[in-house]
Amino acid sequence: MDFQEFLQYVPKIIEASLPSFDAHVKMAPLDRVESLKNIDIEGKNPRVAAVMMLFYPKNDATHLVLIVRNSYKGVHSAQIAFPGGKYELEDQNFAETALRETHEELGIHPDKIEILKPFTELYIPPSNFMVYPFLGISKEELVFTPQLSEVADIIELPLSLFLDDALVVNTNLSTSYADNISIPAFKIEEHIVWGATAMMLSELKEILKEVFEE
């Protein structure tokens, strides 16, 4: 989709109601669905993080940026994610966390990003994080400078491809909590996007499809 056309939909995107849990569960591993319904999140005292779902123009077409995390000793090693990270005490709010982490990981200054709205927070049991996603746009073409200690690669996903239902697949993976389980995922080129990022992408996709089809 042409970026100028995308901008015309921004007011409707801002006003749209979030599908929340109903969208998340469509891309959740089956064993995760029941646990998310019944889990006592407050009792878990989760750590807090925020991520940025950032749209921007590239060759006049609308794109969404994702990152490939470096390999490390942790449950999210080498996974596909949105730019983002842990809330720090100096952050005034979770939106500032998302902006700061996007700057650190991708080199995009907060002044270049307009936050449109928060999306539904999501609890991640394996790492005990509550993640707050924010939808943002940049109205100029971006030059990314990845933080090499955190980011192994950058995925610039065209909006037209993201909206293609053919991206959604079922695949078998071994995770930090189970071996060879069937999970729903987005297949983007050679990358399999699953878990929390896929669940957040699901809510984003539902909002956009609803707005574009009005």
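These remarks concern the structure in this document. (Residues numbered from 1 in each chain as written. Predicted model: local features only at pLDDT ≥ 70, side-chain atom pairs only at ≥ 80, totals over all residues. Heavy atoms only, no water.)

## A short note on the environment of Val-65
Logical step 1: Inspection of the secondary structure assignment puts Val-65 in strand β2 (residues 61-69).
Logical step 2: Along the chain, Val-65 and Asp-153 lie 88 residues apart, while their C-alpha atoms are 11 Å from each other.
Logical step 3: Residues within four places of Val-65 in sequence aside, it is in contact with Leu-54, Tyr-56, Phe-82, Pro-83, Leu-106, Phe-144, Ile-154 and Ile-155. (Helix = DSSP H or I, 4+ residues; strand = E, 2+ residues; numbered from the N terminus. Contact = heavy atoms within 4.5 Å.)

## A look at the layout of surface pockets
Logical step 1: What the second largest pocket holds in volume is close to 180 Å³.
Logical step 2: Phe-21, Ile-41, Glu-121, Leu-122 and Tyr-123 are, among the 10 residues lining the second largest pocket, the residues nearest its centre.
Logical step 3: Going through the elements one at a time, α2 (21-24) and β6 (122-124) are the ones with two or more residues in the lining of the second largest pocket.
Logical step 4: Here the lining of the second largest pocket is composed, by residue class, of six nonpolar, three polar and one charged. (1 Å grid on protein atoms, 1.4 Å probe; cavity = no way out; pocket = protein on both sides within 12 Å on 5 of 7 lines; lining within 4 Å. Points joined across faces, edges and corners; volume = space filled by probe spheres on them. Nonpolar A, V, L, I, M, F, W, Y, C, P; charged D, E, K, R; others polar.)

## Remarks on the side chain of Ser-138
Logical step 1: Structurally, the position occupied by Ser-138 is in the loop between β7 (129-137) and β8 (151-158).
Logical step 2: Here Lys-112 takes part through its backbone oxygen, which lies 2.9 Å from a polar atom of the side chain of Ser-138.
Logical step 3: Ser-138 has contacts with Phe-3, Leu-54, Phe-55, Tyr-56, Pro-57 and Lys-112, leaving out every residue within four places of it along the chain. (Polar contact = N/O pair within 3.5 Å; in protein donor to acceptor, adjacent residues only side chain to side chain.)

## Quick word on helix α5 (residues 94-106)
Logical step 1: Here α5 contains 13 residues, and its C-alpha end-to-end distance of 18 Å stays within 8% of the 18 Å for a straight helix at 1.5 Å per residue.
Logical step 2: Where α5 is buried, its residues touch β1 (47-58), β2, β4 (84-86), β5 (114-118), β7 and β8.
Logical step 3: The N-terminus of α5 is capped by Asn-93, whose side-chain oxygen sits 3.2 Å from the backbone nitrogen of Ala-95.
Logical step 4: Positive phi shows up at Gly-107, right after α5, with a value of about 75°. (Expected span 1.5 Å × (residues − 1).)

## Here's the deal with the sheet that holds strand β10 (residues 181-188)
Logical step 1: The sheet built from three strands is open, its strands ordered β9-β10-β11 with antiparallel pairing. Only two strands of the sheet have a single neighbouring strand rather than two, namely β9 (168-173) and β11 (191-193). Strand-to-strand, the axes of this sheet are offset by a mean angle of 55°, without reference to chain direction.
Logical step 2: Relative to β10, β9 is paired through six bridges, and the arrangement is antiparallel. Residue pairing for β10: Val-169 is matched across the bridge by Ala-185.
Logical step 3: Each of β9, β10 and β11 touches helix α7 (residues 195-213); the most contacted strand, β10, lies at about 60° to it. (Pairing = 2+ DSSP bridges. Axes fitted to C-alpha atoms, helices over the stretch in contact; angles between N-to-C directions.)

## Here's the deal with the nonpolar core
Logical step 1: Core analysis: the biggest nonpolar cluster contains 43 residues, and Phe-6, Phe-55, Phe-162, Phe-186, Leu-204 and Leu-208 have the highest contact counts within it.
Logical step 2: Broken down by element, this core gets its largest block of residues, 10 residues, from α7.
Logical step 3: Ignoring anything within four residues of it in the chain, the contact list for Leu-204 reads Met-53, Phe-55, Leu-64, Phe-119, Leu-135 and Phe-162.
Logical step 4: Formed by 17 residues, the second largest nonpolar core is a distinct cluster that contains Tyr-56, Val-65, Ile-67 and Leu-99. (Core = buried A, V, L, I, M, F, W, Y, C linked by side-chain atoms within 4.5 Å. Buried < 20%, exposed > 50% of the residue type's maximum accessible area, 1.4 Å probe, protein only.)

## Remarks on helix α1 (residues 3-15)
Helical geometry note: an α-helix holds 3.6 residues per turn, so side chains three or four residues apart project in the same direction.
Logical step 1: The terminal C-alpha atoms of α1 lie 19 Å apart, and with 13 residues this matches the ideal 18 Å at 1.5 Å per residue to within 8%.
Logical step 2: Within α1, the axis deviates most sharply at Tyr-9, by approximately 40°, and proline Pro-11 lies no more than four positions further along.
Logical step 3: All buried positions along α1 are accounted for by Phe-3, Phe-6, Val-10 and Ile-13.
Logical step 4: Each element contacted by the buried residues of α1 is listed here: β1, β2, β5, β7, α6 (159-162) and α7.
Logical step 5: Regarding α1, its N-cap is Asp-2, as a side-chain oxygen of that residue lies 2.9 Å from the backbone nitrogen of Gln-4 further along. (Bend = angle between axes of the 7 residues up to and from the residue.)

## As for the packing of aromatic side chains
Logical step 1: Taken as a whole and judged by the stated rule, the model has seven aromatic pairs.
Logical step 2: Aromatic pair Phe-6 and Phe-55: ring centres 5.1 Å apart, planes at 45°, arrangement tilted. Here Phe-55 lies in strand β1 and Phe-6 lies in helix α1, a separation of 49 residues in the sequence.
Logical step 3: Judged by relative accessible area, which is 0%, Phe-55 ranks as buried. (Phe/Tyr/Trp six-rings, centres within 6.5 Å; stacked < 30°, edge-to-face > 60°.)

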